[in-house]
Amino acid sequence: MAEEQNHHLPPESSPEQNHHPPPESPPPPPQQPQKNHYNNHFPPPEMIPDRNIKECNMHHQTSEPYRALCTCLTILLLILGATALALWLVYRPHKPQFTVAAVAIYSLNATSPPSQISTTMQFTIVTRNPNRRVSIRYDRLQAFVAYRNQAITQQVMLPPLAHGRHSSVAVSPVLGGVAVPVSAEVLNELVIDEAYGVVKLRVVVVGRLRWKVTGLGIRTGHYGIYVKCDVLVGLKKGFVGQVPLLGSPNCKVDI
């Protein structure tokens with residue numbers, strides 16, 4: 001019986017059969033190729049040949065003279081600009097000044113119809129050059145007299161006038177002599193003002209001028225000049241000769 005029982009028992013496993021080998025670790029993932037951080041259009045530095053480096057150095061050395069030339073030109077232009085600005089501030093011309101010193105009326109007649117004014121007047125006009133380093137020369141000067149924005153004399157040509165530095169010059173043109181047509185309103189206003197004893201006249205001078213910088217020989221181009229002087233005169237009908245100036249004449253100069 002014992003033998004039969006032992007026969008049905010499973011055979012004992014040997015230590016070698018009970019030992020199982022450890023599972024194998026998975027293989028490491030394949031290494032991906034390292035990414036190239038350089039642009040595909042440009043090779044890495046180690047692949048640039050020495051010839052390109054030499055060409056870059058030669059280009060850098062060639063551009064240095066041009067850079068120095070541009071710097072010198074810029075400095076020269078700045079110096080010239082500063083010099084021109086300094087000369088302009090020192091020698092810049094100022095407008096001449098005008099004033100009326102005296103007025104003489106030799107005739108003043110108003111007739112209608114047609115409405116006309118005939119007069120002969122003489123204005124003493126003083127012009128002053130305020131510039132200490134710049135002289136002035138006038139040419140093509142013309143003068144006439146207006147009353148209430150209408151001319152009552154024809155334009156008279158004045159001789160050329162030279163103005164020294166910081167000086168004053170007086171001219172005394174005789175204006176009028178020929179009847180000038182005017183509106184009926186202007187004629188009536190003149191009759192009323194003459195009866196009242198105060199007449200407002202305007203003497204106008206037009207022409208052109210140019211400045212000359214003394215010592216440097218620099219002359220400017222011609223500039224147009226327009227001068228208008230408003231004058232209040234005391235006038236009685238039938239009076240002939242120099243009339244009194246009422247107030248200070250106001251002259252405006254436009255260049």
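This text gives an overview of the structure that appears in the document. (Residues numbered from 1 in each chain as written. Predicted model: local features only at pLDDT ≥ 70, side-chain atom pairs only at ≥ 80, totals over all residues. Heavy atoms only, no water.)

Some remarks on the overall build of the protein chain
- In terms of helices and strands, the protein chain carries four helices and 14 strands.
- For the protein chain, the proportion of its 255 residues judged to be buried stands at 26%.
- Considering only contacts within the protein chain whose residues lie at least 6 apart along the sequence, 71% involve residues at least 24 apart.
- Summing over all exposed atoms, the protein chain offers an accessible surface of approximately 18,300 Å²; the carbon and sulfur share of this is 57%. (Helix = DSSP H or I, 4+ residues; strand = E, 2+ residues; numbered from the N terminus. Buried < 20%, exposed > 50% of the residue type's maximum accessible area, 1.4 Å probe, protein only. Contact = heavy atoms within 4.5 Å. Areas by Shrake-Rupley, 256 points an atom, 1.4 Å probe, with all protein chains shown as cover.)

Focus: the state of the cysteines
- Under the counting rule described, the total for this entry stands at one disulfide.
- Note that cysteine 229 is cross-linked by a disulfide to cysteine 251, the S-S spacing being 2.0 Å. Of note, the bridge from cysteine 229 to cysteine 251 carries an S-S torsion of about 115° and is right-handed in sense. In this pair, cysteine 229 is assigned in strand 12 (residues 223-234) and cysteine 251 in strand 14 (residues 250-254), connecting sequence segments 22 residues apart.
- For cysteine 229, a relative accessible area of 2% puts it in the buried group. (Disulfide = S-S within 2.5 Å.)

A look at the pattern of salt bridges
- Under the counting rule described, the total for this entry stands at four salt bridges.
- A salt bridge links arginine 148 to glutamate 189, with the shortest nitrogen-to-oxygen separation between them at 3.5 Å. With arginine 148 in the loop between strand 3 (134-147) and strand 4 (150-151) and glutamate 189 in helix 4 (residues 184-196), this pair connects stretches of sequence that are 41 residues apart.
- Classification of glutamate 189 by relative accessible area gives partly exposed; the value is 31%.
- A salt bridge links arginine 202 to aspartate 230, with the shortest nitrogen-to-oxygen separation between them at 2.6 Å. Remark: aspartate 230 occurs in strand 12 and arginine 202 occurs in strand 10 (residues 198-213); sequence separation between them is 28 residues. (Salt bridge = Lys/Arg side-chain N within 4 Å of Asp/Glu carboxyl O.)

Describing a nonpolar patch on the surface
- A contiguous nonpolar surface patch, about 500 Å² in accessible area, is contributed by Leu69, Leu73, Leu76, Leu77 and Leu80.
- Topologically, leucine 69 is positioned in helix 3 (residues 50-91). (Patch = residues over 30% accessible without salt bridge, like charges linked within 9 Å, V, L, I, M, F, W, Y side chains within 5 Å.)

Remarks on helix 4
- Spanning 13 residues, helix 4 covers 19 Å between terminal C-alpha atoms, matching the ideal 18 Å at 1.5 Å per step.
- Residues Val186, Leu187, Leu190, Asp193 and Glu194 constitute the buried set of helix 4. In a view along the axis of helix 4, the buried residues occupy a sector of 130°, so they form one face of it. Pointing more than 90 degrees away from the buried face of helix 4 are the exposed residues Glu185, Ile192, Ala195 and Tyr196.
- Along its buried surface, helix 4 packs onto strand 1 (97-111), strand 2 (116-128), strand 3, strand 4 and strand 10.
- Once helix 4 ends, the next one or two residues include glycine 197, with phi positive near 100°. (Expected span 1.5 Å × (residues − 1). Arc of directions from axis to C-beta.)

Here we look at the side chain of histidine 163
- Along the chain, the position of histidine 163 falls in strand 6 (residues 161-163).
- Judged by its relative accessible area of 2%, histidine 163 falls in the buried class.
- Within the local environment of histidine 163, its side chain forms a polar contact with the backbone oxygen of threonine 127, the two atoms lying 3.1 Å apart. (Polar contact = N/O pair within 3.5 Å; in protein donor to acceptor, adjacent residues only side chain to side chain.)

A short note on the packing of aromatic side chains
- Here the structure, examined in full by the defined rule, presents two aromatic pairs.
- Centre to centre, the rings of phenylalanine 98 and tyrosine 138 are 6.3 Å apart; their planes meet at 75°, and the pair counts as edge-to-face. Residue phenylalanine 98 is located in strand 1, and its partner tyrosine 138 is located in strand 3; the two are separated by 40 residues in the primary sequence. (Phe/Tyr/Trp six-rings, centres within 6.5 Å; stacked < 30°, edge-to-face > 60°.)

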